[in-house]
Amino acid sequence: MVLTGLGLVIFGSPNIPYPGASYKHPFAGSSTDVADYTVALFKVLATFQGWSNAMYVLDEVKDPRRTLKVAGFLGVGSVGVLYVLLNAAFFVAATPKELSETGITVVALFVGKVFGQHMQRFTAILAALSSLGNIMTASFSMSRVIRSFAQEGLLPFSRFFASRSRSGSPAGAFALVFFSSCVMIIAVPFGKLRP
């Protein structure tokens, strides 16, 4: 996405007649309400919330202090830089009004404007893969938390939930995470709930 935004600036695109027009008056029409900026800050911080999952598995890492310092600097730093560049690319392709009023994700708007409507549908697959990665990471870390609770005897059937497979993964705890996720998927109805 970042390289596509750079390509739009250098080479242009027939789909976007004035790439970067948003940068002529970048703060025109901006909100003056502190609450809007507070909400925006929390949304940005939420994009980094997956970093906390690394803390749950540090007992399985060699030299966790050194690893955490290096990974924290490189991981959060690179994601922060890419986040800023990605937002800059979005503003190259779309106006602030289009970005704020879109009924779809900003990535889908960007892909639709640059590559067309057929490729815009492809972003649903990318969003699904991103969600799958999030679920896998959360399951990996949450199963370690459950195993630790079971080892302390804080859960019923602690022996089962503290068990490990031959590979060392917390099989019993992961079974609980998997089962509870399946129950939530099956039990919670799809669509909006009616009042």
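Residues numbered from 1 in each chain as written. Predicted model: local features only at pLDDT ≥ 70, side-chain atom pairs only at ≥ 80, totals over all residues. Heavy atoms only, no water.

- Within the UniProt record for the chain, the comment given under Subcellular location (unreviewed entry) is "Membrane". (UniProt positions renumbered as here; feature names shortened; annotations may be inferred.)

## What about the nonpolar core?
1) Next: Within the largest apolar cluster, 12 residues are counted, these being Leu 8, Ile 16, Ala 89, Phe 90, Val 92, Ala 93, Ala 94, Leu 99, Leu 109, Phe 110, Val 111 and Val 114.
2) Next: Elements represented by at least two residues in this core include exactly helix H3 (64–93) and helix H5 (106–115).
3) Next: Filtering out sequence-adjacent residues up to four positions away, Ala 93 remains in contact with Leu 8, Ile 16, Glu 98, Phe 110, Lys 113 and Val 114.
4) Next: Within the second largest apolar cluster, 5 residues are counted, among which are Ile 146, Phe 161, Ala 173 and Val 177. (Core = buried A, V, L, I, M, F, W, Y, C linked by side-chain atoms within 4.5 Å. Buried < 20%, exposed > 50% of the residue type's maximum accessible area, 1.4 Å probe, protein only. Helix = DSSP H or I, 4+ residues; strand = E, 2+ residues; numbered from the N terminus. Contact = heavy atoms within 4.5 Å.)

## Quick look at the packing of aromatic side chains
1) Next: According to the stated counting rule, one finds 2 aromatic pairs in the structure shown.
2) Next: When the centroid spacing of 5.5 Å and the interplanar angle of 65 degrees are considered together, the rings of Phe 90 and Phe 110 count as edge-to-face. Placement of the pair is Phe 90 in helix H3 and Phe 110 in helix H5, with a sequence separation of 20 residues. Here Phe 90 and Phe 110 have matching classes, each one buried. (Phe/Tyr/Trp six-rings, centres within 6.5 Å; stacked < 30°, edge-to-face > 60°.)

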